[in-house]
Every structure is written in C-alpha cells, then in structure tokens.
Amino acid sequence: RPGSPEWQRLADVPGTPTTGHPAIACFDSRTHLRAFQQGKQSTPQGEVPYSARLSDWREVEGVKLPFREETTAGPMTVEAKLAEVKFNQKLPPDLFKMPRP
C-alpha cells in the first residue's frame, strides 16, 4: 500500500518508449527486483490504464522470477500464481497442432 514501509523502499524508474505510452516501473531499493509497474495500453476499446504488482520472487536455476503477479487493467484484475518453473523441457509436438474446426 502506498505510504507503507515496503512502498518507501521502492525506487521509481520512468520509461518512455519510442512508440506507445510511458510507463513507470518501481524497484525494491534493497533487492533491485521489480515490485510494481503502471502505465496505459492502447486497445481497440481505447486507452486502458494498467498496473501490475510482482511478488514472491524465487530463484530457479540462477534466475529470479516472480511467482505471483496481480495485474489490473481497467475494471478487470487477474492474479497469476506459479507453482513451478522448469527450463528447457521437451514438449510433445501434438501440443502445437491446430484444433479441427
């Protein structure tokens, strides 16, 4: 929550892409991991503000990944929780077949 001790540790980094809208990413000043991002996305329905909160960072084979992300876009909120991450896993070719109409 803004104003709480964990928010006071965040460092804001504004980003202005060549195309699209600016975004602000907030990084934890102790861990340097991204904790929050907000901006605006162009959609067919118009400009939609979004925010994303990343947490539960874990190391998997030397790479730190957020195992929890809560994204709010307009009136909708989606929460993603990862149970496990594996790299370089073989996938069956059938997985990529197009379904029959």
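For the structure, check the block above.
Notes on the structure follow. (Residues numbered from 1 in each chain as written. Predicted model: local features only at pLDDT ≥ 70, side-chain atom pairs only at ≥ 80, totals over all residues. Heavy atoms only, no water.)

Quick look at the side chain of Gln37 now. Inspection of the secondary structure assignment puts Gln37 in strand S3 (residues 34–43). Of the polar contacts made by the side chain of Gln37, one reaches the side chain of Arg34; its length is 2.7 Å. For Gln37, the contacting residues outside a window of four places in its chain are Ala23, Ile24, Ala25, Tyr50, Ser51 and Ala52. (Helix = DSSP H or I, 4+ residues; strand = E, 2+ residues; numbered from the N terminus. Polar contact = N/O pair within 3.5 Å; in protein donor to acceptor, adjacent residues only side chain to side chain. Contact = heavy atoms within 4.5 Å.)

You will see that His32, though not glycine, has its phi angle at about 65°, which is positive. Locating His32 in the fold gives a position in the loop between strand S2 (23–28) and S3. The phi dihedral of Asn88 falls on the positive side, at around 55°, and the residue is not glycine.

On to the pairing of S2. For S2 and S3, the ladder comprises 5 bridges, and the chain directions are antiparallel. Its bridge partner being in S3, Ile24 is matched across the sheet by Gln38. Between S2 and S3, which follow one another and run antiparallel, lie 5 residues, and His32 among them has a positive phi close to 65°. (Pairing = 2+ DSSP bridges.)

Two strands pair when backbone bridges link them, and S3 and strand S4 (residues 46–60) are joined in this way by 8 bridges, in the antiparallel orientation. Looking at S4, one finds that Thr43 is bridged to Gly46. Remark: 2 residues form the turn of the hairpin made by S3 and S4, two consecutive strands paired antiparallel. As defined by bridge partners, S4 adjoins strand S5 (residues 63–73) across 10 bridges and the pair is classed as antiparallel.

Turning to a nonpolar patch on the surface, a few remarks are in order. Taken together, the side chains of Leu91, Leu95 and Phe96 present a nonpolar region at the surface, about 360 Å² in accessible area. You can see Phe96 is positioned in the segment after strand S6 (76–81). (Patch = residues over 30% accessible without salt bridge, like charges linked within 9 Å, V, L, I, M, F, W, Y side chains within 5 Å. Areas by Shrake-Rupley, 256 points an atom, 1.4 Å probe, with all protein chains shown as cover. Salt bridge = Lys/Arg side-chain N within 4 Å of Asp/Glu carboxyl O.)

All chains considered together, the criterion is met by 5 salt bridges. One salt bridge connects Glu70 with Arg68, and the closest N-O pair in it is separated by 3.5 Å. Accessibility expressed as a relative area gives 24% for Glu70, which makes it partly exposed. Relative accessible area serves as the criterion here: at 28%, Arg68 is assigned to the partly exposed category. Residue Lys86 pairs with Glu84 through a salt bridge whose shortest N-O separation is 3.9 Å. For Glu84, a relative accessible area of 55% puts it in the exposed group. A single network of salt bridges, built from pairs that share partners, joins Arg68, Glu70, Glu79 and Lys81. (Buried < 20%, exposed > 50% of the residue type's maximum accessible area, 1.4 Å probe, protein only.)

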